[in-house]
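Listed below are the residues making up each chain.
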Amino acid sequence: MSVTTLDINSIRNQFPILHQKVNGNPLIYLDNAATTQKPIRVIKALEDYYKLHNANIHRGAHTLADRSTGFFEDTRKSVQQFINAAEAAECIFTKGVTESINLVAQTWGRKYLQAGDEVLITYMEHHSNIVPWQLICEEKGASLKVFPIHANGTLNLEAYYQMLSVRTKLVACVWASNALGTINPIEEMIKAAHKVGAVFLADGAQAGSHLPIDVQQLDIDFLALSGHKLYGPTGVGVLYAKRKLLEAMPPYQGGGEMIKEVSFEKTTFNEIPFKFEAGTPNIGDVIAFKYALDFVNELVKQAIMVCEMQLLNYFLKGVIQLQEQFGEDCITLYGTAEDKVAVQSFLLKGKHPFDTGLMLDARGIAVRTGHHCTQPLMQFFGIEGTVRVSFAIYNTFEEIDSLLEVLGKLLKPRN
Ligand code: C6P
């Protein structure tokens, strides 16, 4: 049995890593929110780059340098199309979402935040959308405000609207929660933020591979993406920002490539995007990232989402069956919003999440356990952590059957 609309077997065949045994069992990889696996075309692009094209970019006057520069800039154009940015220059390459958010905090934040200003975030943020704001708010005497969530893992939007004010200079919000799966209604949140004159940053780490993205239609100010959660290599991320914001922001790091002219007296800076890309970038991985975007585009994101939701719903049906068998409280779900990506956190009654993770690993099933870099969210639920399964396009119903079987064994009372 396989999910409908896409040929999952042919998709699986593009992922060499999936065809191995772990602890004597076929690998079942359900930790896709941490990082997705990479299709062969991405791996091959990386290999080809080092075998055939390797050269530094934007500098050399030789053929390999020209070629590498062209490939690197091709990826930027692909990113532009992927998120429908008005221009490729609005797409800055970073190491990932973490660096993208730090870039905004350290440049935009350092320039614009003042004592008395507020940065507004949510209770369900990843640490990388909390700590950079804490650091810059402390430095500038601004306040970090947090608006609450409901027990089902949705945002308390009434509280959001109440807390927004002329003091709010920036709203930073996760688009899809990595711990709960909740898809946040950023379109209406952006409109409300703009009404009070605030800019809006969306953490798109978990949105990138699932949700259609149109930064112009959303009128988003900043969007952070990680390539490795989008079937691409690690070490590549994107910061999208509107041109007028990027032009007004000071540089992030000083060095080669980000300058126009340097003298000991004064340095002038390069145009965007180069102003924010000091030094030799992660050329090979950026080039290979284009192939990951091609992979997603070919499958079509909406079809990916349909398949992934079938997997989530199949898992949730299995959970209900376990509850019928072992009692409703045998498994507690965290994150039960209607609008979700295919991520589910849970706890088995009486079982520490690490132990559940270890038992699953013994059967070759990879899940994430712990606080998922969302400690304040875990505190909200009064727990230390959860077990989290997160599905991707190459997962199957049979894999979920195996997962449910192990969960059932763990729940079975011992005599
Ligand atoms: N979440 C997870 O297992 P980086 O590490 O920079 O690529 O992404 C950080 C990040 C930021 N925001 C969200 C919503 C995220 O999910 C992540 C990464 C992984 O959930 C690793 S902690």
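About the cut-offs
- Each residue is numbered by its place in its chain's sequence as written, counting from 1.
- Residues qualify for local features only when their pLDDT is at least 70, as the model is predicted, and side-chain atom pairs are given and counted only at 80 or more; totals for whole chains, interfaces and linings, by contrast, use all residues.
- Hydrogens and waters are ignored; side-chain quantities use all the structure's heavy atoms.
- All the domain ranges listed were derived from an automatic or database domain assignment.
- Only heavy atoms matter for contacts: two residues are in contact if any of them lie within 4.5 Å across the pair.
- Throughout, buried area stands for the accessible area (probe radius 1.4 Å) lost by two parts on being put together, summed over both.
- Criterion for a salt bridge: a side-chain nitrogen of Lys or Arg within 4 Å of a carboxyl oxygen of Asp or Glu.
- Here a polar contact is recorded for every N or O atom pair within 3.5 Å, except that within protein the pair must consist of a potential hydrogen donor and a potential acceptor, and residues adjacent in sequence are included only if both atoms are side-chain atoms.
- Put simply, DSSP marks the helices as runs of H or I at least four residues long and the strands as runs of E at least two long, and each gets a number from the N terminus on.
- Only protein atoms enter the 1 Å grid, on which a cavity is a set of points fitting a 1.4 Å probe that cannot get out and a pocket is an open set with protein on both sides within 12 Å along at least 5 of 7 lines, lining residues being those with an atom within 4 Å of a point.
- Grid points are joined across faces, edges and corners, and a volume is the space filled by probe spheres set on the points.
- Patch membership requires over 30% relative accessible area and the absence of a salt bridge. Like charges are linked within 9 Å, and nonpolar side chains (Val, Leu, Ile, Met, Phe, Trp, Tyr) within 5 Å.
- Every accessible area reported is derived by Shrake-Rupley at a probe size of 1.4 Å, with residue values counting cover from the shown protein chains alone.
- In this scheme, a residue with accessible area under 20% of its type's maximum is buried, one over 50% is exposed, and one in between is partly exposed, where area comes from a 1.4 Å probe on protein chains only.
- Strand pairing is assigned whenever DSSP detects at least two bridges linking the two strands.
- Side-chain atoms within 4.5 Å are what join buried Ala, Val, Leu, Ile, Met, Phe, Trp, Tyr and Cys residues into a set we call a nonpolar core.
- Geometry is summarised by axes, namely lines fitted to C-alpha atoms with helices restricted to the contacting stretch, and by angles between N-to-C directions that run from 0 to 180 degrees.
- Relative orientations are named as follows: roughly parallel for angles under 35 degrees, roughly antiparallel for angles over 145 degrees, roughly perpendicular for angles from 65 to 115 degrees, and oblique for any other angle.
- Rotating anticlockwise by less than a right angle from the far helix to the near helix defines a left-handed crossing, while the corresponding clockwise rotation defines a right-handed one.
- Residue polarity is assigned by list, with Asp, Glu, Lys and Arg as charged and Ala, Val, Leu, Ile, Met, Phe, Trp, Tyr, Cys and Pro as nonpolar; anything else, Gly included, falls into the polar class.
- The reported arc concerns the directions from the helix axis to the C-beta atoms and nothing else.

### Quick look at the domain arrangement of the protein
Next up, step 1: In terms of domain boundaries, the protein breaks down into domain 1 (8-30 + 300-411) and domain 2 (43-298).
Next up, step 2: Counting residues at the interface gives 34 residues for domain 1 and 32 residues for domain 2.
Next up, step 3: Carbon and sulfur atoms supply 64% of the area that domain 1 and domain 2 bury against each other, a total of about 2,700 Å² over both sides.
Next up, step 4: Counting across the interface, domain 1 meets domain 2 through zero salt bridges.
Next up, step 5: Connecting domain 1 to domain 2 are 18 residue pairs in polar contact (both at pLDDT 80 or more).
Next up, step 6: Of all the secondary-structure elements, those providing two or more residues to the side of domain 1 that touches domain 2 are α11 (301-326), β14 (343-348) and α13 (375-381).

### Notes on the side chain of serine 345
Next up, step 1: Inspection of the secondary structure assignment puts serine 345 in strand β14.
Next up, step 2: Looking at serine 345, its side chain comes within polar contact range of the side chain of threonine 386, at 2.9 Å.
Next up, step 3: In this structure, serine 345 is in contact with Ala179, Thr332, Leu333, Tyr334, His372, Thr386, Val387 and Arg388, ignoring residues within four places of it in sequence.

### Digging into empty space enclosed by the protein
Next up, step 1: Scanning all chains against the criterion turns up one cavity of 30 Å³ or more.
Next up, step 2: In this structure, the largest cavity spans a volume of roughly 80 Å³.
Next up, step 3: In this structure, the largest cavity is lined by 14 residues; those nearest its centre are Asn32, Ala33, Gln206, Ser209 and His210.
Next up, step 4: Here the lining of the largest cavity spans two domains, and each of domain 1 (8-30 + 300-411) and domain 2 (43-298) adds at least three residues to it.

### Focus on a nonpolar patch on the surface
Next up, step 1: A surface patch of nonpolar side chains, about 220 Å² in accessible area, is lined by Tyr123, Val146 and Phe380.
Next up, step 2: With respect to the secondary-structure elements, tyrosine 123 resides in the loop between β5 (118-122) and α5 (131-140).

### Here's the deal with the pairing of strand β17 (residues 386-390)
Next up, step 1: Taking burial as the measure, the five residues of β17 include five buried ones, the bulk of the element.
Next up, step 2: Neither face of β17 is left uncovered, since the one carrying Thr386, Arg388 and Ser390 and the one carrying Val387 and Val389 both have all their residues buried.
Next up, step 3: Of the pairings in the sheet, the one linking β14 to β17 comprises four bridges and is antiparallel in character. Residue pairing for β17: glutamine 344 is matched across the bridge by valine 389.

### A closer look at the nonpolar core
Next up, step 1: Counting 109 residues, the largest nonpolar core has Ile83, Tyr160, Phe200, Leu223, Phe315 and Ile393 as the members making the most contacts within it.
Next up, step 2: Residue contributions to this core reach at least three from each of two domains, namely domain 1 (8-30 + 300-411) and domain 2 (43-298).
Next up, step 3: Non-local contacts of leucine 223, meaning those with residues more than four positions away in its chain, are made with Ile83, Trp175, Ala202, Gly204, Ile213, Val215, Val238, Leu239 and Tyr240.
Next up, step 4: Counting residues in each nonpolar core, the second largest holds 30 residues, with Ala89, Val104, Leu245 and Met249 among its members.

### Observations regarding the packing of α11 against helix α14 (residues 397-411)
Helix-helix packing: each pair is described by the crossing angle between the helix axes and the interaxial distance.
Next up, step 1: In contact at an axis separation of 10 Å, α11 and α14 are set at 25° when each is read in the N-to-C sense. In terms of their interaxial angle, α11 and α14 are classed as roughly parallel. When the axes of α11 and α14 are compared, the crossing they make is right-handed. Here α11 contributes Gln310, Leu311, Tyr314, Phe315, Gly318, Val319, Leu322 and Phe326 to the contact with α14, which in turn contributes Phe397, Ile400, Asp401, Leu403, Leu404, Leu407, Gly408 and Leu411.
Next up, step 2: Class assignment of the residues belonging to the contact of α11 with α14 gives a composition of twelve nonpolar, three polar and one charged.

### Some points on the sheet that holds strand β13 (residues 331-334)
Next up, step 1: Taken in spatial order, the four strands line up as β13-β14-β17-β16 in an open sheet, and their pairing is antiparallel. Both edges of this open sheet fall to β13 and β16 (368-370), since each of them pairs with a single strand only. Put simply, the sheet's adjacent strands are angled 30° from each other on average, direction ignored.

### Remarks on helix α7 (residues 186-195)
Next up, step 1: Along α7, the residues classified as buried are Ile186, Met189, Ile190, Ala192 and Ala193. In an axial view of α7, the angular spread of the buried residues amounts to 165°, which keeps them on one side of the axis. Among the exposed residues of α7, those pointing more than 90 degrees away from its buried face are Lys191 and Lys195.
Next up, step 2: The inward-facing, buried residues of α7 contact β6 (143-147), α6 (157-163), β7 (168-174), β8 (199-203) and α8 (215-218).
Next up, step 3: Glycine 197 lies just past α7 and shows a positive phi near 85°.

### Looking at the side chain of serine 226
Next up, step 1: Among the structural elements, serine 226 can be located in strand β9 (residues 222-226).
Next up, step 2: The residues touching serine 226, leaving out its near neighbours within four places in the chain, are Gly96, Val97, Val236 and Gly237.

### Re unusual backbone geometry
Next up, step 1: Backbone torsion omega between isoleucine 272 and proline 273 reads 5°, so that peptide bond is classified as cis.
Next up, step 2: Here proline 273 shows up in the loop between β12 (267-269) and α10 (283-299).
Next up, step 3: A positive phi angle, close to 75°, is found at valine 300, a residue other than glycine.
Next up, step 4: Within the fold, valine 300 resides in the loop between α10 and α11.
Next up, step 5: Since its relative accessible area comes to 39%, valine 300 is described here as partly exposed.

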